[in-house]
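Below are the chains, spelled out letter by letter.
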Amino acid sequence: MTPPGPVSVALVGYGYWGPNLLRNYMELPGAWVKTVCDVRPEALQKVATRFPSIALTTDYAEVLADEGIDAVLLATPIGTHFALARVALEAGKHVFVEKPMTADAREARELIDAAAARRLTLMVGHTFVFSPPVRKVRELIETGALGDIYFVTTQRVNLGLHQKDVSVIWDLAPHDLSILYYWLGEHASDVAVNGRGCIVPGIPDVAFINLKFPSGVVAEIQASWLSPVKLRRTIVVGSKKMLVYDDTENVEKVKIYDHGVDFRDPTDFGEFQLSYRTGDIVAPKISGTEPLWLEAQHFMESIVAGTAPITGGEQGLQIVSSLEAAEASLRAGGTQMPIELPA
Ligand SMILES: NC(=O)c1ccc[n+]([C@@H]2O[C@H](COP(=O)([O-])OP(=O)(O)OC[C@H]3O[C@@H](n4cnc5c(N)ncnc54)[C@H](O)[C@@H]3O)[C@@H](O)[C@H]2O)c1
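This one's a predicted model, so the numbers in the text were calculated from it and none came from an experiment. (Residues numbered from 1 in each chain as written. Predicted model: local features only at pLDDT ≥ 70, side-chain atom pairs only at ≥ 80, totals over all residues. Heavy atoms only, no water.)

1. A look at the nonpolar core
This is how the line gets drawn: In plain words, nonpolar cores are sets of buried Ala, Val, Leu, Ile, Met, Phe, Trp, Tyr and Cys residues tied together by side-chain atoms within 4.5 Å. Relative accessibility decides the category of a residue: with a 1.4 Å probe and only protein chains considered, values under 20% of the type maximum give buried, values over 50% give exposed, and everything between is partly exposed. Secondary structure elements are defined from DSSP: runs of H or I of at least 4 residues count as helices, runs of E of at least 2 residues count as strands, and each element is numbered from the N terminus. Should any heavy atoms of two residues lie within 4.5 Å, those residues are counted as being in contact.
Judged by nonpolar contacts, the single largest core of 102 residues is most densely connected at Tyr 25, Tyr 60, Ile 169, Trp 183 and Leu 211. With 12 residues, helix H7 (residues 168–184) is the single largest residue contributor to this core. When neighbours within four sequence positions are excluded, Tyr 60 is seen to be in contact with Val 12, Cys 37, Val 72, Leu 74, Leu 84, Val 87 and Ala 88.

As structure tokens, this is what we get:
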């Protein structure tokens, strides 16, 4: 059902990430945060201090039973996403679920079907798809400014928090996969991963993820919680131009290099010729709007208009399937695995 006024939401999970969602939804016209739910009373105490008007509960069933709540925002650990999202959809609530959508591709498919059957909005928190520099790069790719894309390399490393329940692949790679799939307009067909668990046995904390795309593009994601410096740097190499997207930069997050190499076939039986071009470097102006705010706005708009979100269930499923294949490849010692979506 499309609500007539502001969409009323309940945030579920107020740990590390939940406060960022709450701050943005509190500022968003068109959204009204009615309730915050967390199983830890001490987490709710923090909400009470900062936002006394919000109702608080440790009991998720109360959220589901409240007919005054239109949508839930799930910012709980990955292993809980499926169960919490499914009952919310069954209770008639629109669902925003943090990335990755579920811990299993079949579960993701089940959520898509459940949302479709009830005409409810299901959106996944692939925040980077709403990031202005990421959008700018997509525009450059779409308009052909970079030419044909040859390959992409991306580094997402820092001295990060070791997660207890998932590998670095499930924690960090959803960001890069969502960015790549959004930029390229296709999802990878095959993945091969090398990595290891250096600190906690059985939990990989470094992974080199190699992807092949149907168009011929190849990509590598380096993901790690073990690095002396924080790198969030992506290089896109095209036939006309190349670019660097560095999310740690404050201003010039995207730099376009008019650099390239042209190949000329030998005219006789001599050697082929290569001509190198090193031209201008341009940093386009990019909006500073917070991606999370744009993401929250998109969820509200999708609910009100009844349109499919740009990071809907299908996009979430593609990424969960890719993560599953990546994890399987790593466990199999780096064997290339096809990425298949469940029917
Ligand atoms: N979009 C992003 O950039 C981004 C960044 C960080 C984390 N995340 C995602 O956000 C989610 C949460 O991550 P986090 O780091 O905040 O985890 P966290 O462990 O810090 O917080 C999770 C919270 O959920 C609560 N919780 C657990 N089960 C619950 C239940 N059944 N009902 C109510 N509350 C429950 C916990 O008590 C805790 O407060 C994950 O899916 C993670 O991948 C997204």
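2. Examining the packing of aromatic side chains
Note the cut-off: Stacked, tilted and edge-to-face are the three classes assigned to paired rings of Phe, Tyr and Trp, where Trp is represented by its six-membered ring and a pair needs centres within 6.5 Å; plane angles under 30 degrees give stacked, over 60 edge-to-face, the rest tilted. The rule for a charge over a ring is simple: NZ of Lys or CZ of Arg within 6 Å of the ring centre, and within 35 degrees of the ring normal.
According to the stated counting rule, one finds 5 aromatic pairs in the structure shown. On the numbers, 6.2 Å between centres and 70° between planes, the contact of Trp 183 with Tyr 245 is edge-to-face. In this pair, Trp 183 is assigned in helix H7 and Tyr 245 in strand E12 (residues 242–246), connecting sequence segments 62 residues apart. Comparing Trp 183 with Tyr 245 shows no difference in burial state: the two are buried. Both rings, one in Phe 263 and one in Phe 272, keep their centres 5.1 Å apart while their planes meet at 35°; by these two values the pair is tilted. Between Arg 156 and the ring centre of Phe 128, over which it is positioned, the NZ or CZ distance is 4.7 Å.

3. What to know about a nonpolar patch on the surface
Our working rule: Each patch is built from salt-bridge-free residues with over 30% relative accessible area, joining like charges within 9 Å and nonpolar side chains (Val, Leu, Ile, Met, Phe, Trp, Tyr) within 5 Å. For accessible areas, the Shrake-Rupley method is used with a probe of radius 1.4 Å. Any residue's cover is judged against the shown protein chains and nothing else. Salt bridges are counted wherever a side-chain nitrogen of Lys or Arg sits within 4 Å of a carboxyl oxygen of Asp or Glu.
Nonpolar side chains collect at one region of the surface, where Val 261, Phe 263, Phe 272, Leu 274 and Tyr 276 lie side by side and expose about 540 Å² of accessible area between them. Residue assignment for the nonpolar patch shows that the elements contributing at least two residues are strand E13 (254–264) and strand E14 (273–282). Structurally, Phe 272 is set in the loop between E13 and E14.

4. Digging into the pairing of strand E4 (residues 71–74)
What counts here: Each pair of strands is called paired provided DSSP finds at least two bridges between the two strands. Note on handedness: a crossover is taken as right-handed if, strands pointing away from the viewer, the path from the first strand over the helix to the second is clockwise.
Of the two faces of E4, both are covered, the one formed by Ala 71 and Leu 73 as well as the one formed by Val 72 and Leu 74. In this sheet, E4 lies alongside strand E1 (residues 7–12) in parallel orientation, the contact comprising 4 bridges. Within E4, the position partnered with Leu 11 by the bridge is Leu 73. In this fold, E4 hands off to helix H4 (residues 81–90), which returns the chain to strand E5 (residues 94–98); that crossover is right-handed.

5. A closer look at unusual backbone geometry
In this structure, the amide linkage connecting Lys 99 to the following residue, Pro 100, adopts the cis form with an omega of -20°. Following the sequence through the fold, Pro 100 ends up in the loop between E5 and helix H5 (105–117). Backbone geometry at Arg 119 places phi at a positive 55°, although glycine is not the residue there. Along the chain, Arg 119 falls in the loop between H5 and strand E6 (122–125). When its relative accessible area of 77% is taken as the criterion, Arg 119 is described as exposed.

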